[in-house]
Amino acid sequence: MSNINTWDILTLVFYFVVVISIGFFKGRGKRDSSKSFFIAKSTLPWWVIAATFVATGMNTEQLVGQNGMAYKVGLPLLNWYYIVFIVYSLLIFVFLPVYLRSGIMTMPEYLGRRFDGKCQDVFTVILLLTFVFMNLAVVFYGGAKLLEVVFGLNIWLGVLLIGLVAGLYTMYGGMSSTAYAAVFQFALIFISGFYLMYLAWMKLPDGFSGLVASAPCGFHLIKPADYPVIPWQAVPLTILGIHLYYSCANQALVQGCFGARTEWDARMGLIAAGFCVALRPVIEVFPGLACRAIAVVDPAFDLSCQPVDNVLPVMIRQLVPFGFQGLILIGILASVMSTISAFLNSISTIFTMNVYKRWFDRAADEKKLVRVGTIATCILMIFSILYSPFIETLGGGIFNYFQTLASYITVPLATVFLLGVLWKRATSAAALTVLLAGVPIGLLVSTVLVPLCFEPATIKAYSLDNAFVNGAMTQIICVILMIVVSLVTKPKTRQDVAVLTFSLDKLYLPPSDPKRPFYQKICLWWSIFVVFYIGLYWWLW
C-alpha cells in the first residue's frame, strides 16, 4: 500500500471507527427480538429507507463493472437507471402494499403463504445460493479488485478486510445497524464519487463536448437492435424480468422497507431513492465515459486492450492526487460494505426464519433465533470471502458475470412473483413448476432454441444471443407455463389469497396511516418523479 500516506491512513481509520460506532450504537437493544434484529420493525423513517435502498444498490458490480462497460458500450447503460420509474412504481403501488399488509419478514415467506411450503423451500435454497455466489461474491471481489489495482493490497487480504468490518456490525445489530450505517455510507459514496468525476472533468479535452464526441456510437440511450450488450429491445424486455425481480422481490433491497414506521415512510423512501438513482451514473457510468474521452489526448487512459474491470481503478490511480487516496478509498469501502451488510442481514434473516426455524426448531425463542442468525451470517460471509477471488479466473468482467447469471436465475423468480401478486388464479403447482424449470428453460433457449430456430444473420441483426433478450424469451415461456399449469390445477380460495394479492384498495395508504398535508402526498411526489424520468428520456433518447 505504498500509494497511501499518513493522511490516507488516518482517513481510513476514521471511517472504520465511525461506521462501526454507528453500527454498534444503533444496534443496541435489538437482539432481544427477531423482528427488531432482522427488520428493525416499525422504526425506520423515510430518509433512512431511501439511503439504505440507494446505498445497497451501489455495489462493485456497478462501480467497477458499469464503469468498465461504459468505456466499451457507452450511454445505453443509463437505461438500467432511468427505467426505475417503472419498476419503482410497481413496487410502490403494487408489491409493497401486499408485502407490508401481509406482515411477512422474507420473500420466501411470501411465496410460502401465497402458494405453499414447497415453493418457500425451493426459493429459500435459490436465494441463499445466489446471495453467496452471485451477490456477495461479486461485491467482495469488486471491492478487493479496486484495493489491489489502486493501492497494491493483495486481493485475498482486501476481501478479508472488507468482509470482517462489514460483518462485525451486521452480526451485532442486524437491520438497524445496517440501515443507519448505510446513511453515513450513502453520503461518503457520493462525496468521493463526485470528487473523482470532478477530477475527470478537469482533465477532459473540450469539456462536455469532448465527452459527447468520444461516446461509442453517439451520446444516446437507444441503440440499434444489433448493438453489443444493450440493444434497444433489451430495455423494455427486461422491465418485468431482471429489473422487476431486482427492485420488487430482492430481499436485500426490499427488507429495508419492512422496518418502516408507516407505509407512507416506506413509499416516500422509495420515491426519494428514485430521485437519487438519477445521480448514480455520475459515479458509476460517467467516469468510464470520461476515461475514453481523456484517452484521445493521454495514452495512459487508453484501456482498449485491458480488462474492462481496470477502468475505474486506473481512473483513480491516474487522477486522484497523492494524499487524497484515502477519501476515494473510504468511498469505495462505503459502497462495498453498505451492500455487503444488507446482503449479510438478508441471508441471516432468510436462513434463520426459513431454514432453521422452519426445518429444525419451530419452537426456538427470540434470543435463540437472533443467535442463530449471527452464526449464519458469519459462516456464509466466510464462504463468500473464500469464493470471491475465483471470479477473476472466469473472465469477461464483473458486469458480464453478474448479468449473465442474473438473466438465468431472476427471470423465473420474477415471473412467479409477478403472477403470484397480480393473478389470484395462480396455483402452487404452477409456481413450483416455474421455480424448478426456469433455469433449465433459460439454458435451453440460449443454447438450443435460438440457434435451431433462427439463421445466424437474424441472430446477429436482432441480438437474439444477447443474455437480456434470451431472458425475455425465457420469461414468455415461463408465463405460458405458469398459466397453463394454473388452469389445470386447483387454486387457493380467493379469500385465502386476498391479503397476498393486489387489489385496487392497495393503491392507497391504509386508514391507519396518519393524514398528511398536500405537500407530503405520495401521488404528488410520485408524479414529479415520473415526469422527471420521462424528461431524461426525452433529452437523451
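Here the structure is a predicted model, which is why all the values come from computation and not from measurement.

The rules behind the values
Residues numbered from 1 in each chain as written. Predicted model: local features only at pLDDT ≥ 70, side-chain atom pairs only at ≥ 80, totals over all residues. Heavy atoms only, no water. Helix = DSSP H or I, 4+ residues; strand = E, 2+ residues; numbered from the N terminus. Buried < 20%, exposed > 50% of the residue type's maximum accessible area, 1.4 Å probe, protein only. Contact = heavy atoms within 4.5 Å. Areas by Shrake-Rupley, 256 points an atom, 1.4 Å probe, with all protein chains shown as cover. Polar contact = N/O pair within 3.5 Å; in protein donor to acceptor, adjacent residues only side chain to side chain. Axes fitted to C-alpha atoms, helices over the stretch in contact; angles between N-to-C directions. Parallel < 35°, antiparallel > 145°, perpendicular 65-115°, else oblique. Left-handed = near helix turned anticlockwise from the far one by under 90°. Nonpolar A, V, L, I, M, F, W, Y, C, P; charged D, E, K, R; others polar. Core = buried A, V, L, I, M, F, W, Y, C linked by side-chain atoms within 4.5 Å. Salt bridge = Lys/Arg side-chain N within 4 Å of Asp/Glu carboxyl O. Bend = angle between axes of the 7 residues up to and from the residue. Patch = residues over 30% accessible without salt bridge, like charges linked within 9 Å, V, L, I, M, F, W, Y side chains within 5 Å. Phe/Tyr/Trp six-rings, centres within 6.5 Å; stacked < 30°, edge-to-face > 60°. pLDDT = per-residue confidence, 0-100.

The number of helices and strands found in the protein is 25 helices and 0 strands. In the protein, which comprises 541 residues, the proportion classed as buried is 61%. Within the protein, counting contacts between residues at least 6 apart in sequence, those at least 24 apart form 86% of the total. Total accessible area on the protein is roughly 20500 Å²; 70% of this is exposed by carbon and sulfur atoms.

Spacing of three or four residues puts side chains on the same side of an α-helix, whose turn is 3.6 residues. Counting buried positions along helix 7 (residues 107-114) yields 6 of 8 residues, so the element is predominantly enclosed. All buried positions along helix 7 are accounted for by Met107, Pro108, Tyr110, Leu111, Gly112 and Arg114. For helix 7, the N-terminal cap is Thr106; the gap from its side-chain oxygen to the backbone nitrogen of Glu109 is 3.0 Å.

Another aspect to go through is the packing of helix 6 (residues 84-102) against helix 13 (residues 251-258). Packed helix pairs are characterised by how far apart their axes lie and by the angle those axes make with each other. Helix 13 packs onto helix 6 with a crossing angle of 60° between their chain directions and a minimal axis gap of 10 Å. Judged on the interaxial angle alone, helix 13 and helix 6 are oblique. Seen from above, helix 6 lies across helix 13 with right-handed handedness. On helix 13, the residues that touch Leu96, Tyr99 and Leu100 of helix 6 are Val254, Cys257 and Phe258. Its residues assigned to classes, the contact of helix 6 with helix 13 comprises 6 nonpolar, no polar and no charged.

Even without glycine at this site, Ser463 takes up a positive phi of about 50°. Residue Ser463 is classed as buried on the basis of its relative accessible area, which comes to 6%.

This part is about the nonpolar core. By size, the foremost hydrophobic cluster in this structure holds 161 residues, and its most contacted members are Phe95 and Tyr99. Take this core: its biggest share by element is 13 residues, from helix 18 (residues 325-360). In this structure Tyr99 touches Ile104, Met107, Tyr110, Cys248, Ala249, Val254, Phe258 and Phe417, once residues within four positions along its chain are discounted. Among the nonpolar cores identified, the runner-up in size contains 6 residues, and Met105, Tyr356, Leu369 and Val372 belong to it.

Here the focus is the packing of helix 14 (residues 263-277) against helix 25 (residues 522-540). Between helix 14 and helix 25, the shortest axis-to-axis distance is 10 Å and the interhelical angle comes to 20°. By the angle class used here, helix 14 and helix 25 are roughly parallel. As for how helix 14 packs across helix 25, the hand of that crossing is left-handed. Along the contact surface, helix 14 presents Trp264, Arg267, Met268, Ile271, Gly274, Phe275 and Val277, while helix 25 presents Ile522, Trp525, Trp526, Ile528, Phe529, Phe532 and Tyr533. A breakdown of the residues in the contact of helix 14 with helix 25 according to their chemical character gives 12 nonpolar, 1 polar and 1 charged.

For the structure shown, the criterion picks out 6 salt bridges. Two residues, Asp265 and Arg261, come together in a salt bridge whose shortest N-O distance is 3.2 Å. The class of Asp265 is buried, set by a relative accessible area of 2%. Its salt-bridge partner being Arg267, residue Glu263 comes within 2.7 Å of it at the nearest N-O pair. With a gap of 4 residues between them, Glu263 and Arg267 both fall in helix 14, about one helical turn apart.

A separate point is helix 6. Roughly 45° is the biggest bend found in helix 6, and it falls at Phe95, with proline Pro97 one to four residues downstream. Extensive coverage of helix 6 is indicated by the burial of 15 of its 19 residues. Phi for Gly103, located one or two positions after helix 6, is positive at around 75°.

We now examine a nonpolar patch on the surface. A cluster of nonpolar residues, Val125, Leu129, Phe133, Trp359, Phe360 and Phe383, forms a patch on the protein surface that exposes about 590 Å² of accessible area. Listed by contribution, the elements that provide at least two residues to the nonpolar patch are helix 8 (117-151) and helix 18. For the nonpolar patch, the element with the highest residue contribution is helix 8, accounting for 3 residues. Inspection of the secondary structure puts Phe133 in helix 8. On the basis of relative accessibility, which here comes to 30%, the residue Phe133 falls in the partly exposed class.

For the rest of this paragraph, the subject is the packing of aromatic side chains. In total, this model carries 20 aromatic pairs according to the counting rule given. Relative to Phe194, the ring of Phe190 has its centre 6.1 Å away and its plane inclined at 40°; by these criteria the two rings are tilted. With Phe190 and Phe194 both in helix 9 (residues 155-203), this residue pair falls 4 residues apart, about one helical turn. Since its relative accessible area comes to 33%, Phe194 is described here as partly exposed. Put simply, the rings of Phe53, Tyr82, Phe85, Tyr88, Phe275, Phe529, Phe532, Tyr533 and Tyr537 touch in pairs and so form one group of aromatic residues.

A separate point is the side chain of Ser89. When you line up the elements, Ser89 lands in helix 6. In terms of polar contacts, Ser89 uses its side chain to reach the side chain of Trp526, at 2.7 Å. With residues near it in sequence (within four places) discarded, Ser89 still touches Val84, Val94, Trp526, Phe529 and Val530.

Our focus in this paragraph is the environment of Leu500. Mapped onto the secondary structure, Leu500 falls in the loop between helix 24 (494-497) and helix 25. As for Leu500 and Gly103, which are separated by 397 residues in sequence, their C-alpha atoms are 9.8 Å apart. Setting aside its immediate chain neighbours within four residues, Leu500 contacts Val98, Ser102, Tyr110, Arg113, Arg114, Gly420 and Val421.

What follows deals with the confidence of the model for the protein. The predicted model of the protein averages 82 in pLDDT, with 83% of residues at 70 or higher. Every residue in residues 29-34 is under pLDDT 50, and counting partners more than four places away or in other chains gives 19 contacts.

Looking at the element boundaries, Leu199 is found in helix 9. Spatially, the C-alpha atoms of Leu199 and Ile316 are 9.4 Å apart, while their sequence positions differ by 117 residues. Excluding its chain neighbours within four sequence positions, the residues that come into contact with Leu199 are Leu319, Val320 and Pro321.

Turning to the environment of Leu436, a few remarks are in order. Along the chain, the position of Leu436 falls in helix 21 (residues 428-453). Its relative accessible area of 55% is what places Leu436 among the exposed residues. Residues Leu436 and Ile126 lie 310 residues apart in sequence; the distance between their C-alpha atoms is 9.8 Å.

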